[in-house]
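Structural features, examined
Next come the chains, spelled out residue by residue.
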Amino acid sequence: MSQSNEVNPQRIVVVGNGMVGHHFVEQLAEKSLSGEVAVSVLSAEPRLAYDRVHLSEYFTGKTADDLALTDEQQYQQWQVDYRTNAKVVDIDRQAKQVTTETGEVFPYDKLVLATGSYPFVPPIPGNDQAHCLVYRTIEDLEAIQASAKESKVGVVIGGGLLGLEAANALKQLGLETHVVEFAPQLMAVQVDVTGGRVLKEKIEDLGVSVHTQKATQNIAPGESCRYQLQFADGEVLETDMVLFSAGIRPSDQLAKSFDLEMGERGGIVVDNQCRTSDENIYAIGECALWNNFIFGLVAPGYSMAKVAAQDMLGEQASFTGADMSTKLKLMGVDVGSIGDAHAKTPGALSYVYENQAEGIYKKMVVSNDKTKLIGAVLVGDNSDYDTLLQYALNGLDLPEMPESLILPMATETPALGADALPDSATICSCHNVTKGDVVSAVQSGNTDLSDVKSCTKASTGCGGCAALLKNIVDSELLNLGMEVKKDICEHFAYSRQELFDIVRVEEIKSFDELLAKHGKGLGCDVCKPTVGSILASVWNDYILEKAHQPLQDTNDTYLANMQKDGTYSVVPRVAGGEITPDKLIVLGEVAKKYNLYTKITGGQRVDLFGARKEELPEIWRELVDAGFETGHAYGKSVRTVKSCVGSTWCRYGVQDSVSMAIFIENRYKGLRAPHKLKFAVSGCTRECAEAQSKDIGIIATENGWNLYVCGNGGMKPRHADLFATDLDDETLIKYIDRVLMFYIKTGDRLQRTSVWMENMEGGLDYLKQVVVEDSLGLNDELETQMAHIVSTYQCEWKTTIEDPEALKRFKPFVNSDQSDSNIQFVEERGQIRPATEEEKIPVKVEMA
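Counting restarts for each chain: residues are numbered from 1 in the order of the written sequence. The model is predicted, so local features are restricted to residues of pLDDT at least 70 and side-chain atom pairs to those at 80 or more, both for listing and for counting; the totals for chains, interfaces and linings are taken over all residues. For the side-chain quantities, the full set of heavy atoms in the structure was used; hydrogens and water were omitted.

**Some words on the overall build of the chain**
Each helix corresponds to a stretch of at least 4 residues labelled H or I by DSSP, and each strand to a stretch of at least 2 residues labelled E; elements are numbered beginning at the N terminus. Assigned secondary structure in the chain consists of 25 helices and 38 strands. Here the C-alpha atoms of the chain give a radius of gyration of 30 Å, agreeing with the 29 Å that 2.2 N^0.38 yields for 848 residues. Considering only C-alpha atoms, the chain reaches an extent of 100 × 70 × 55 Å along its principal axes. The cut-offs for exposure are 20% and 50% of the maximum accessible area for each residue type, with area from a 1.4 Å probe on protein chains only; residues under the lower value are buried, those over the upper are exposed, and the others partly exposed. Going through the 848 residues of the chain one by one, you find that 54% of them count as buried. The quantity called the radius of gyration is restricted to C-alpha atoms. Its globule counterpart is 2.2 Å times the number of residues to the power 0.38.

What follows is the structure, encoded as structure tokens:
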């Protein structure tokens, strides 16, 4: 943005290179002002701008480079003069220049203060000791990571948004985690009392202890841990690490030292153009005080950056406040807050829905005439957030029965699709992007979602508008008569089916190889597990191989289903529901030895609950030695084949349903698919195995077998379709091979066979043409692929217990072999069950 042959470019110096400071630079860069301005950026940190909103992802494997918002090459391309480790210590307002602590001087015509904020550390005696840390920068994260290696218990002081993010970080580092909050509830700013209570319950279900209404008075030496938090009510809490996340304070020391007007409680006072009391100095972001208010979110800072840039260039622009709505997933728990969440508006009315069993709470706050939405709170389910936000942001009239917007059983919930929104509707509040902006971008030739995001910046902030943005882009493409792409995500411009074909045809064996050849970026939570499933379906490799392990979700990573108290279930395969007395005794002995809760499942096998992560390898070693195999209860794969006793024992049975069920289960065990698969075989039309409610159902007839496909139970039951009748054994298996592989090849991510069938153009008749008549000429390929899967089966648990490297991930903590003391049981009906918070016994951890 600077050019040497220009005589007098406007010199703009930006102090601070956080997200807002960088956004200001972006605003100037987008205007292509080469030669008109000369921009200098001075960052006190050792690196250029990075994404603080997603800071917690540092502990899930992302690096500082992954979080970077820009790099040196980008700034060089923009001709921005930048310095890192360049803390500004002096502003000479008369000479219009700033000086860094190294003595470097930068003259300016306009100065922008984007110094952000710093974490508030309560004045508690002992708060400055080692292992008492804050959560703000990448350097803070490095310090937390180092401290965690020497700690077993961690406490976060502060139960707000950032406090829960910090607690998630400690949990991911393997520490016993506590949250201490001074207020009576969590996230008191964003959610109401009931929402705070539901959020607390859900966080505690995840194994984090929450202590509200606790005023910490002292951090003293501990008895069982490094420190002891001493509360005003006389109680204490032992911990090895203390993480302060009790709010922020504006970084306004520089402005204060050089006599700019300040707020009574801090913050640099700015007007609607973000100008300070010095007309040549602007302040934006968390250091700025507008209308006696400091905004602690990035979206208002972005708006300020845009206004300041426009005003500096002589354009008309005003900052008039910002939407503070928030959509988050904290430790896996959905939390949404819109507008007047606490219903403080005079005359406001509320609609409330709560499902205590599922931990879901929803509240709508409406105007006293019930025509406008003015606020909302969502905990446990954010599926209504996008719709509610559009009603609130755009002042849309509510439907006649507003409660239908949050009631899950409402039969006439009004749809608010892309076409229902006016062009003025705000889609992305982080970057203040309207529907009209998106439509205009598409009409200008940006027909790819990533191009629209790059052009408008929509969905590049918190990402909460991603689904709505895609809907609008797709809708506008259809309006223009253009093809709507079914890209799986922004990293791969292919559908799942196209990726499946690429992997198979090009013999691609890893995610990295696929990304390098056909993708871009680093991948995401959508494409990684999808590709992991495809690789497993095509090559049937061990899913915990080093290259595949990062693609798996929690259950696949530990080859077990995680339960609500942090323990895991153990589910051996019992093919066809048939089990010998000796094997039953083994299950009983293992359950007794490890004190596991046992239950017979609807799939005719035995679930063993309550296993700690570190116990899983030894439990499975004993089961494998006794002849058991993994039951794949954790995977998107074949689960069970249920059967009745059939003609061997039942006087009504006409075929041996047990033998067929065992054969089928052993043939398809380990088969990975877009979603889980369940089978059943009934020995006669009395249907005792309930085959017509399964993905693959088989019912015996006098002449052979009737085959049913694409049924399921669950939340939205679907009766299976009769596919073929009176089949012999060989034809039955051939048809099942083809149906399953065609589903695996063409199904979308997380799509059950029932939905796959309902979405299939031509439906059942089309599927018959493909499978029976070979209308696509695919049958040889489908059968060959299935034969490969069948011939390469391996029990994943047997492979795991024979691999010392794979066993390392089953340690209870990364830095300790001690068990998680937060997992406790009580006895009920002669077996264990998870203890409630009231039933748990406080445990002090002894330091080694």
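Don't stop here, the text continues.
**Observations regarding the packing of aromatic side chains**
Think of a pair of aromatic rings as described by two things: how far the centres are apart, and how the planes are tilted against each other in angle. By convention, a stacked pair of Phe, Tyr or Trp rings (six-membered ring in the case of Trp) has centres within 6.5 Å and planes under 30 degrees apart, an edge-to-face pair has planes over 60 apart, and any other such pair is tilted. According to the stated counting rule, one finds 16 aromatic pairs in the structure shown. Measuring from ring centre to ring centre gives 5.2 Å for Trp-290 and Phe-319, while their planes differ by 85 degrees; the resulting arrangement is edge-to-face. Of this pair, Trp-290 sits in strand β20 (residues 288–290) while Phe-319 sits in the loop between α8 (298–312) and β21 (326–330); the two residues are 29 residues apart in sequence, bridging distant segments of the chain. For the pair Trp-290 and Phe-319, one class covers both residues: buried. Ring pairs connect the aromatic residues Tyr-558, Tyr-568, Trp-620, Trp-797 and Phe-810, which therefore count as one cluster.

**Describing the pattern of salt bridges**
Counted as salt bridges are all cases of a side-chain nitrogen of Lys or Arg within 4 Å of a carboxyl oxygen of Asp or Glu. This model, assessed by the stated rule, comprises 40 salt bridges. For Asp-556, the salt bridge identified is with Arg-672, shortest N-O distance 3.0 Å. Linking Asp-556 in helix α16 (residues 554–557) with Arg-672 in the loop between α19 (657–668) and β33 (677–682), this pair joins segments that are 116 residues apart in sequence. Arg-672 carries the same exposure label as Asp-556, and that label is buried. Where Glu-828 meets Arg-829, a salt bridge forms, and the shortest distance between an N and an O atom there is 3.3 Å. In this structure Arg-829 comes out as exposed when scored by relative accessible area, which is 72%. Ionic contacts of the salt-bridge type, sharing partners, join the residues Asp-501, Arg-504, Lys-745 and Glu-781 into one network.

**Quick notes on the pairing of β33**
Each regular strand shows side chains that alternate between the opposite faces of the sheet. The buried count for β33 comes to five of six residues, which makes it a mostly enclosed element. Two strands qualify as a pair provided that DSSP identifies no fewer than 2 bridges between them. Direction of pairing for strand β32 (residues 638–643) relative to β33: parallel, over a ladder of four bridges. Paired with Val-641 across the bridge in β33 is Phe-679. Crossovers are described as right-handed under a simple rule: with the strands pointing away from the observer, the path leading from the first strand over the helix to the second runs clockwise. Handedness of the crossover joining β32 and β33 through α19: left-handed.

**So, helix α9 (residues 385–394)**
The buried count for α9 comes to seven of 10 residues, which makes it a mostly enclosed element. The set of residues buried in α9 consists of Tyr-385, Asp-386, Leu-388, Leu-389, Gln-390, Tyr-391 and Asn-394. Trailing α9 by a residue or two, Gly-395 shows a phi angle of about 60 degrees, which is positive.

**Points about the sheet that holds strand β28 (residues 561–562)**
Ordered in space as β28-β29-β31-β30, the four strands form an open sheet in which the pairing is antiparallel. Of all the strands in the sheet, the pair left with one neighbour each is β28 and β30 (597–600). Examined bridge by bridge, strand β29 (residues 568–570) and strand β31 (residues 606–611) share two bridges and lie antiparallel to one another. Bridge pairing links Tyr-568 to Ala-611 in β31. Where helix α18 (residues 616–625) meets the sheet, it contacts β29 and β31, and its direction lies at approximately 5 degrees from that of β29. Throughout, a contact is declared for two residues whenever any of their heavy atoms are within 4.5 Å. The convention used is that axes are lines fitted to C-alpha atoms, helices contributing only their stretch in contact, and that angles between N-to-C directions extend from 0 to 180 degrees.

**Remarks on the nonpolar core**
Think of a nonpolar core as a cluster: buried Ala, Val, Leu, Ile, Met, Phe, Trp, Tyr and Cys residues, connected wherever their side-chain atoms sit within 4.5 Å. Core analysis: the biggest nonpolar cluster contains 59 residues, and Phe-492, Ile-664, Tyr-668, Leu-671, Phe-679, Leu-707 and Ile-736 have the highest contact counts within it. In terms of nonpolar packing, the next biggest core, distinct from the first, is built from 54 residues, Val-13, Val-15, Val-88 and Tyr-302 among them.

**Some words on the pairing of strand β24 (residues 360–366)**
Of all the seven residues making up β24, seven are buried; the element is thus mostly covered by neighbouring parts of the structure. Of the two faces of β24, the one lined by Ile-360, Lys-362, Met-364 and Val-366 and the one lined by Tyr-361, Lys-363 and Val-365 are each fully buried. Pairing of strand β23 (residues 349–355) with β24 involves seven bridges; the strand directions are antiparallel. Its bridge partner being in β24, Leu-349 is matched across the sheet by Val-366.

**Topic: the domain arrangement of the chain**
Its domain assignment divides the chain into domain 1 (10–116 + 251–313), domain 2 (119–249), domain 3 (326–405), domain 4 (426–480), domain 5 (496–552) and domain 6 (558–797). What fixes the domain bounds is an automatic or database domain assignment. Here domain 5 and domain 6 have C-alpha centroids that lie 24 Å from each other. Listed as interface residues are 18 residues of domain 5 and, on the opposing side, 19 residues of domain 6. What gets called buried area is simply the loss in accessible area from a 1.4 Å probe that two parts show on being joined, summed for both. When the two sides are added together, the surface that domain 5 and domain 6 hide from each other amounts to roughly 1,600 Å², 49% of it contributed by carbon and sulfur. Looking at the side of domain 5 facing domain 6, the largest losses of area belong to Arg-496, Ser-537 and Asn-540, adding up to 34% of the total buried there. Where Asp-501 meets Lys-745, a salt bridge forms, and the shortest distance between an N and an O atom there is 2.5 Å. Under the rule applied, a polar contact is a pair of N or O atoms within 3.5 Å (in protein, one hydrogen donor and one hydrogen acceptor; residues adjacent in sequence only if both atoms are side-chain atoms). Linking domain 5 to domain 6 there are 10 residue pairs in polar contact (both at pLDDT 80 or more). For the side of domain 5 that touches domain 6, the element with the most residues is helix α15 (residues 527–539), which contributes six residues. Three residue categories are used. Nonpolar comprises Ala, Val, Leu, Ile, Met, Phe, Trp, Tyr, Cys and Pro, charged comprises Asp, Glu, Lys and Arg, and polar comprises the others, including Gly. For the side of domain 5 that touches domain 6, the per-class residue count stands at eight nonpolar, five polar and five charged.

**Things to note about the sheet that holds strand β4 (residues 88–92)**
Taken in spatial order, the three strands line up as β4-β5-β6 in an open sheet, and their pairing is antiparallel. Two strands in the sheet have a free side with no partner beyond their single neighbour: β4 and β6 (105–107). With strand direction ignored, the average angle separating the axes of adjacent strands in the sheet is 20 degrees. For β4 and strand β5 (residues 97–100), the ladder comprises four bridges, and the chain directions are antiparallel. Its bridge partner lying in β5, Asp-90 is registered against Thr-99.

**Notes on the packing of α15 against helix α23 (residues 779–791)**
At a minimum axis distance of 7 Å, the contact between α15 and α23 shows a crossing angle of 90 degrees. It follows from the interaxial angle that α15 and α23 lie roughly perpendicular. Residue-level inspection shows Ala-536, Ser-537, Val-538 and Trp-539 of α15 in contact with α23, the latter providing Gln-785, His-788 and Ile-789. Any angle between 65 and 115 degrees counts as roughly perpendicular, while under 35 counts as roughly parallel, over 145 as roughly antiparallel, and the rest as oblique.

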